[in-house]
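Below are the chains, spelled out letter by letter.
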Amino acid sequence: MSAALQTWQLSADLGGRRVLQDIDLQIAAGRWTCVVGPNGAGKSSLLKALAGLLPLSGQVLWQGQPVASLTRQQKALQLSWLGQGEASSLDLRVWDVAMLGRMPHQSWLAAPSAQDAQMVEAALRATQAWDWRERTLGELSGGERQRVLLARVMAGNAPTLLMDEPLANLDPPHQVDWLEQVHCLLAQGTTVVSVLHEIGMALHADDIVVMREGRVVHHGAGRDAATHAAIEDVFGQRIRIHALDGQWVVLPRLGGAITSID
Amino acid sequence: MAEGLRAWAQYLALVGAVWVCSQSAQAVTVLDDRQQKVQIAQAPQRIVSLLPSLTETVCALNQCDKLVGLDRYSNWPESVKSVPRVGGGLDPNIESIVALKPDLVLAAGSTRGADRLQALGLNVLRLEPRNHADALRVWRTVAQALHVPTADSDRVWQGIQAGVQAAVQSLSPVARQQRVYFEVSPAPYGASESSFMGETLSRMGVGNILPASMGPFPQVNPEWVVQARPDVIMAGDSSRASMLQRPGWSRLPAMQGQRLCVFKQGDSDMLVRAGPRMAEGAQLMADCLNRAAAQTDIGEKR
Amino acid sequence: MLLTLGLSVVLLGTAAGSQGWQAWWSVGADAVSHQIVWDIRLPRSLGAWLGGALLGLAGAVAQGLFRNPLADPYLLGSASGASLGVGVYLSLWGGSAWAMNAWLGLGLTGAAFVGAVLAVVLTLLLARGVQQTLRLLLAGVVVGVVLGAVTSLISLLQPKVLQAMQGFMLGSTAFVSWSACATMAAVLALCLALAWVFARVLDALSLGEATAQSLGVPLPQARMALVGVISLATGAAVAHIGLVAFVGLAAPHLVRSLVRCTHAWRLLLSALMGGALLVLADVVARVLLAPQELPVGVLTAVLGGGYLLWRVYRDADSGVRS
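Calculation notes
- Residues numbered from 1 in each chain as written.
- Chains lettered and ligands numbered in written order.
- Predicted model: local features only at pLDDT ≥ 70, side-chain atom pairs only at ≥ 80, totals over all residues.
- Pairing = 2+ DSSP bridges.
- Helix = DSSP H or I, 4+ residues; strand = E, 2+ residues; numbered from the N terminus.
- Contact = placed C-beta atoms within 7 Å.
- Nonpolar A, V, L, I, M, F, W, Y, C, P; charged D, E, K, R; others polar.
- Core = buried A, V, L, I, M, F, W, Y, C linked by C-beta atoms within 7 Å.
- Buried ≥ 20, exposed ≤ 12 C-beta atoms within 10 Å, placed from the backbone.
- Domains from an automatic or database assignment.

Regarding the sheet that holds strand 5 (residues 65-66) of chain A
Residue and element names in this part refer to chain A.
- With respect to topology, four strands assemble into an open sheet ordered 2-1-4-5, the strand pairing being antiparallel. Two strands in the sheet have a free side with no partner beyond their single neighbour: strand 2 (17-28) and strand 5.
- One ladder, built from eight bridges, connects strand 1 (residues 3-14) with strand 2; its direction is antiparallel. By the bridge assignment for strand 2, Gln 6 is matched with Gln 26.

Quick look at the interface of chain C and chain A
- Residue-level contacts link 19 residues of chain C with 24 residues of chain A.
- For the side of chain C that touches chain A, the secondary structure elements donating two or more residues are helix 8 (199-205) and helix 9 (209-214) of chain C.
- Counting residues per element, the side of chain C that touches chain A draws most heavily on helix 9 of chain C, at four residues.
- Residues belonging to the side of chain C that touches chain A are distributed by class as follows: six nonpolar, seven polar and six charged.

Structural notes on the nonpolar core
- Counting 248 residues, the largest nonpolar core has Ala 98 of chain A together with Leu 54, Leu 57, Val 61 and Ala 233 of chain C as its most contacted members.
- Per-element tally for this core: the top contributor is helix 12 (residues 263-288) of chain C, with 14 residues.
- Built from parts of two domains, this core gets at least three residues from each of domain 1 (2-148) and domain 2 (160-294) of chain B.
- Discounting chain neighbours no more than four positions away, the residues touching Ala 98 of chain A are Val 120, Ala 123, Leu 124, Val 148, Ala 151, Arg 152 and Ala 155 of chain A.

Topic: the environment of Arg 17 of chain A
All names here are of chain A.
- As for its placement among the helices and strands, Arg 17 is situated in strand 2.
- In this structure Arg 17 comes out as exposed when scored by C-beta crowding, with 11 C-beta atoms within 10 Å.
- Sequence separation between Arg 17 and Ser 88 is 71 residues, and the spatial gap between their C-alpha atoms is 26 Å.

Pasting the structure below:
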């Protein structure tokens, strides 16, 4: 399995604080990797660094090529990034927002092509936002807005997707939708890296990267017991991971008393 | 026959010469404030004036009837009150002026209005008298431009100067010893020795607490005036109220009785405009100084 | 969308034409003076439209670039720079015997323009490039305040400048000539072209700076170009018609409330709307107290401020976020 993304001695500072410390990571292609960890572990910074949006020391390689050697457009074509809580102004139409995802494919002054329109429509239908394509972002609720932003990321059709907190504000049905979307993307060979707070969702990933205080403490398959142990450990043993119906559930470990549900 | 022809030829030549002379005599070239030449072909019949001192100059030269448009601040003599107004000096109403079809526009300095009017093809003469030397130059220039015979304009000017001289001589010796503070606006801005009013005071031999080095209209620190302790204060109507509120001023000797001369708006105009009314202005100041020197307590009547 | 465009142009047409019969004197009889009147009024109205369009465009670019609906084109200090240029010019050459023609024929307009552009350059230097928008904004505010203070100082030291400065600050279209119109039209064409090219960047920016970067947008170059557009457009407008408030702020707002579109259209429409607004204000300014003229800046402040107040109350009532 080739590495879609690779880092070598990656370190980064943000506001004088070291947020990433000597990270060596290999993200497999065509698989879904999820980054989990406590607040302030550096998950968002890792994603930004991988996307080339953060000044860093060390190396980041995409498909074996150093990021620094790629042009802006090449980078945008290969990798789509969805940020967490990016402040956006609210008077663009949904359709226009999704079309922005096609920017790397469009030449500078050209109008959107038929293919662009097709991709945008597909992405909006996938997130069930097609019906509101004429509405502005300001008229939508938080969850609806998030779905539009997801559509923007998917419309770009990049081989690698980095998503930071993609499930923010989404209600359970749409969280499941997102899960299905990821599986669909994986089937097409896309590499997906996401940062998730919802550990229950994260446990569906192929690989899980566990972070604490700017370092990677574990990187392994989502099914492995070792991975589960690492997750429980990084959260201070306040949670327990149990198998249920072929999936994994996360239960709180309350004040010392251990409740068995087997 | 030859005699007749020769006589007729001579007559023609004479007429021709006179005609040529009168033509060339009619085209006058004057220099404006920027040392630019302005040519005025004939005696102007429709004049627009955008500066009060220039308006007064025109009227003093007996050409008042030629004025067809004035700025809103020109208010002397009485006869000009009926002349249509065309905005201010700095914001002239271009349309109104052009519609009046003037053959000469008198404007101050280098305002955008003057530039625009000139660009539209009007004859614009830029003059702005700021001191006594300016006043003479402007007087002569306007007289030339209006085709007033030099003898006449000089005569009137001599009359004005005689008036100033009379004001100077009317000062009592005690009055001449005094030091004056002339306030122009309540900011407070004062008039120093290099301003027009300051020069008038200097001609009278009276001291000014604001030296020329401060510029013509420096903004003064009220405390400084208290320290300088002028003998006489001259100010416009608008200043009086604020003067009493300044710290230390109410105890100044210059604020008592006749030593404080407050001029109404009409009189202030006379004092500050570097124009033909400088004699009346000088006389106003001389009267003020004499009264202050006399220190009698006649009710303020001005 | 096209309807709005048409409306703006029609508005211009009627506004320009309406002075003919709203004049406070009739020029029907005299053909020569009729010609002259159109030689004055037409460039004035055209100049008002061009100035308004420049300000509307600059305002739309500023609001997109800084992602702030309260941004106006004077944000980068160009207004204070222009005032300072005017102040310096007036105090040095105001009434002296120096031939102004010697100074490259620049005159007051040139001084204002140079002042505006230099102020923006100073802002860029202070913010050390266009890297961060927040730093750019702060630097702009600082430059604006400091230059304003220097201007006040100059008018204190040279009180004769004060009245002329005030006239400039209030804005007026009275002195706009055909050459001024030509200059403004050229600048408008240039700025519109440049802004159109970078309109996509503004769209991408509206999703956030990092997102825009991830989309492959050449941010530093685009920012530089857009700041250039703002400074050129504002400088040209201010140099010819003085400091006119609110047009740059209100025009994009009006466009946004009427039409939903991407920045490419919004920039163009803001320019058209700005032009229409200013012509309207100019006509009212001339007619309201005829034969006296109100400074157009006073009118735009009153109208623009009133409009924004109304928007605030309306949004507060209906609970809709603008």
